[in-house]
Amino acid sequence: MNVAVQVEWQPQIPWAIVFRDAGIGVLLIGMDGQVLNANPAIADFLGYDQDEIVSRRLADLTHPGDRAEDARQMGRLSAGKIDTYRREKRYLRKDGRARWGRVTVSLGRDPDGGSFFIGMIEDIDRRRRAEHRLRTMLDSLPAMAAEIDSDGRYVDVNRAYEETFGIDRDKILGRHIREVVGVEGYKHIETHILAALAGKPVTYEAALDLGLKGNRVMRVTYVPHRTEAGDPEGFYVFSMDVTDRVRAEQAQERAAARAEEHARTLDAVVAAVAADISMLDRDGRYLFASERSAEAAGRGNATELVGERFDAVGLPAPIVDTIEKTLSEAIRVAAPVSADCAVATADGSRHYEYTMVPVRNTHGAVGAAVVTARDRTRRKQAENQIKASLAEKETLLKEVHHRVKNNMQVIIGLLNLQSRSIVYPEVRRSYEELSNRVRSLGLVHQMLCEGDSLARIDMADYIRRLSSHLIRLYATGDAPSVSFNLSSVGLDMDRAVPLGLVFNEILTNALTHAFPPDAGIKDGRLAISLDRSGGRALLKVADNGVGVSPDIDPATSASLGLKLTQLLAGQVDGEVAFAPGEEKASRPGCTVIISWPDTGSR
């Protein structure tokens, strides 16, 4: 049986040119599973030349895990039990890599009455891999996430949900919320669940019994999801333990999880949209049109469009303008051209993407173009929703940092007021040191709410700002000169807080002990540097003061400040080392080196 497509520039056989130039892959497969013909799109999809695919078996191009299902479905198709089937499967490229495709298979007949399979393959590899990444990301989040159907039963949960309730996902899915949270717990949240099932967004805090974790206060958000008709069909659950108050960056993680959820939905919508396919000659007349193209033009069947100009079939003006421009450009550059257009409708606007792929005739000249049109309205709407959601969450996170900073400012003010009534210098100094520690914490939140990033701060900027405050606080008439040599090192909040406290202790110690008034030091110097070396970040504070007394071992000292530096540095796998000052100096001086693993964030 010979089903090879012989293409010449003849308007009476545009289907052959469509086979050759279609934007989706097409395979013609014999009843024995042997590939009879393949178009360029599928050859590009699989990384083969067309000639290399022909005569191979379909099984050779299919991932081993999908071969059995292929054989089963094709058997049903050849037996007449079904007219067509669609499935998502993995193909094997020439380089051995797997690639996801969405295939639609039906039976065809050749002129001799023989049968063969026709496979239409759409590339969905990017979407499937995005879904896998999203599942991995959701399972790595500390926040609980779940999907509830219209009956109040679980459709899906993430790993945090399993671990919180101590129940495997398989034992949660299909169960009612009441069965998982308990009858008493359900009574407290039933009104919220009913509101969400009615299509209303809900956010609340409630005490729930979480088994081994005991009663915990959870902040819960229900986000309704709807059918295409707008009817509610369940809701998404996002829940976090706020008993000890969630740290600010977890709010950003929730926002990222929601954004990825929208992105997964967006990829699924885009992958499911079928394209309208047609062919226009150089004069804009239809040589071929799919049924979907005919429907868009208000015609009963595709043959009514053949021979007519695209601008005379009743298409909206924006679409006519887009087709005219892209067709002209594709013919001029002899290469594929794409363009978007928006069409105003009674219920808003719709967005379309048009792609023109030039088709050469037997003389090598561009004589026509294959047109593919896709409705991108849902994707545009989803993108706008994601942007709005991210903007809202960023505003919320900045407000959280701002409020934390303000609360710490209140604490500092209270400490300063209290210290004024203290007559004992040692006690007053303890209050000042405590105030400075709180200030170092507040500075982290201040920089997070003022900066461009809500996740990281620039340690160099932090050092300059905290140093400026401490120097003003402890400076005397013979204050040392201070020099900075700081490289940009980015820190997330988990590392910025302990390292900021360590730097506060070291610099305070240098300013208060390295240059005592009775030493008469007139040329005191402090050198502060920040750099990277050997996979670690290095922060040095060096002075040319009186040095550390030989009776004091910084590693075992009973001083609260020195104990804090060792303890806090250990929280980030860091180290604090003490060394003498400059060689050949008139005074011993002291150099403190704080180091921690460098993650490369800037």
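Peer 1: Sorry if this is basic, but what is going on with the overall build of the protein chain here?
Peer 2: Counting its secondary structure elements, the protein chain contains 17 helices and 22 strands. For the protein chain, the residues scored as buried account for 43% of the 602 residues in total. Within the protein chain, contacts between residues separated by at least 24 positions form 51% of all contacts whose residues are at least 6 apart in sequence. Taken as a whole, the protein chain presents about 31,300 Å² of accessible surface, with 49% of it coming from carbon and sulfur.

Peer 1: How do you make sense of helix α9 (residues 183-197) when you look at a structure like this?
Peer 2: Three- or four-residue spacings in an α-helix give side chains the same orientation, since the helix completes a turn every 3.6 residues. Remark: the principal bend of α9, roughly 55 degrees, maps to I189. For α9, the set of buried residues is G185, Y186, I189, I193 and A196. Following α9 by one or two positions, G199 has its phi on the positive side, about 100 degrees.

Peer 1: Explain the packing of helix α15 (residues 459-474) against helix α16 (residues 493-513) here, please?
Peer 2: To describe two helices that pack against each other, one gives the angle between their axes and the distance between the axes. Direction vectors running N to C along α15 and α16 enclose 35 degrees, while the axes themselves pass 10 Å from each other. The element α15 and its partner α16 pack so that their crossing is right-handed. In this structure, α15 contributes M459, Y462, I463, L466, S467, L470, I471 and Y474 to the contact, and α16 contributes L499, G500, F503, N504, L507, T508, L511 and T512. Grouping the constituent residues of the contact of α15 with α16 by class yields 11 nonpolar, 5 polar and no charged.

Peer 1: Would you mind going over the confidence of the model for the protein chain with me for this structure?
Peer 2: For any part of a model where pLDDT is low, the fine detail of the predicted coordinates should not be relied upon. Summary statistics for the protein chain give a mean pLDDT of 77 and a share of 76% for residues scoring 70 or more. Here helix α10 (residues 248-272) stands out as the element of the protein chain with the lowest mean pLDDT, 51, in contrast to strand β3 (residues 84-92), whose mean of 94 is the highest. pLDDT under 50 marks residues 1-12. Its contacts with residues more than four places away, or in other chains, come to 31 contacts. Scored below 50 in pLDDT, residues 246-251 shows 13 contacts in the model against residues more than four places distant or in partner chains.

Peer 1: Any chance you could explain the packing of aromatic side chains here in plain terms?
Peer 2: Any aromatic ring pair is given by two values, namely how distant the centres are and how the planes are angled relative to each other. Counting across every chain of the model gives 4 aromatic pairs. With a centroid separation of 5.5 Å and an interplanar angle of 65 degrees, the aromatic rings of Y154 and Y161 are classed as edge-to-face. For the pair shown, Y154 and Y161 are each scored as buried. An angle of 70 degrees between the planes, with centres 5.5 Å apart, marks the rings of Y204 and Y222 as edge-to-face. Taken together, the positions of Y204 in strand β8 (residues 202-209) and Y222 in strand β9 (residues 215-226) put the pair 18 residues apart, joining distant regions of the chain.

Peer 1: I keep staring at empty space enclosed by the protein and nothing clicks. Help me out?
Peer 2: Empty space among the atoms becomes visible once a probe the size of a water molecule is rolled across them. On inspection of all chains with the given rule, the structure shows 4 cavities of 30 Å³ or more. Y161, V181, I189, Y222 and V237 are the residues nearest the centre of the largest cavity, which is lined by 14 residues in total. A class-by-class count of the residues in the lining of the largest cavity yields 13 nonpolar, 1 polar and no charged. Taken as a whole, the second largest cavity holds about 70 Å³ of empty space. If you go around the second largest cavity, the residues you meet are L27, I29, L58, D70, M74, Y85, K89, Y91, V103, V105, G119 and I121. For the lining of the second largest cavity, the elements supplying multiple residues, two or more each, are β1 (25-30), α4 (64-78), β3, β4 (98-109) and β5 (115-123). When residues in the lining of the second largest cavity are grouped by element, the largest group, 3 residues, is from β3. For the lining of the second largest cavity, the per-class residue count stands at 9 nonpolar, 1 polar and 2 charged.

Peer 1: Looking at this model, I keep getting lost on the side chain of T326. Mind explaining?
Peer 2: Checked against the element boundaries, T326 lands in helix α12 (residues 317-333). Looking at T326, the relative accessible area reads 4%, which means it is buried. There is a polar contact of 2.8 Å between the side chain of T326 and the backbone oxygen of T322. Here T326 is in contact with V337, S338, A339 and M356, once residues within four sequence places are set aside.

Peer 1: Quick question: what am I supposed to make of the nonpolar core here?
Peer 2: Burial of nonpolar side chains together is a common tendency in soluble globular proteins. Grouped together as the largest cluster of nonpolar side chains are 37 residues, with contacts concentrated most on M459, L530, L539, I594 and W596. Sorting the residues of this core by element identifies α15, α16, β19 (525-533), β20 (536-543), α17 (560-571) and β22 (590-597) as the ones contributing at least two each. Ranked by residues supplied to this core, first place goes to α16 with 9 residues.

Peer 1: Explain the sheet that holds β22 to me, please; I cannot follow it from the model alone.
Peer 2: Neighbouring strands of a sheet are bound in pairs by backbone hydrogen bonds; such pairs are parallel or else antiparallel. The sheet built from 5 strands is open, its strands ordered β17-β19-β20-β22-β21 with mixed pairing. Each edge of the open sheet carries a strand with a single partner, namely β17 (481-486) and β21 (575-579). For this sheet, the mean inter-axis angle between neighbouring strands, taken without regard to orientation, is 15 degrees. As paired strands, β20 and β22 are joined by 8 bridges and run antiparallel to one another.

About the cut-offs
Residues numbered from 1 in each chain as written. Predicted model: local features only at pLDDT ≥ 70, side-chain atom pairs only at ≥ 80, totals over all residues. Heavy atoms only, no water. Helix = DSSP H or I, 4+ residues; strand = E, 2+ residues; numbered from the N terminus. Buried < 20%, exposed > 50% of the residue type's maximum accessible area, 1.4 Å probe, protein only. Contact = heavy atoms within 4.5 Å. Areas by Shrake-Rupley, 256 points an atom, 1.4 Å probe, with all protein chains shown as cover. Bend = angle between axes of the 7 residues up to and from the residue. Axes fitted to C-alpha atoms, helices over the stretch in contact; angles between N-to-C directions. Left-handed = near helix turned anticlockwise from the far one by under 90°. Nonpolar A, V, L, I, M, F, W, Y, C, P; charged D, E, K, R; others polar. pLDDT = per-residue confidence, 0-100. Phe/Tyr/Trp six-rings, centres within 6.5 Å; stacked < 30°, edge-to-face > 60°. 1 Å grid on protein atoms, 1.4 Å probe; cavity = no way out; pocket = protein on both sides within 12 Å on 5 of 7 lines; lining within 4 Å. Points joined across faces, edges and corners; volume = space filled by probe spheres on them. Polar contact = N/O pair within 3.5 Å; in protein donor to acceptor, adjacent residues only side chain to side chain. Core = buried A, V, L, I, M, F, W, Y, C linked by side-chain atoms within 4.5 Å. Pairing = 2+ DSSP bridges.

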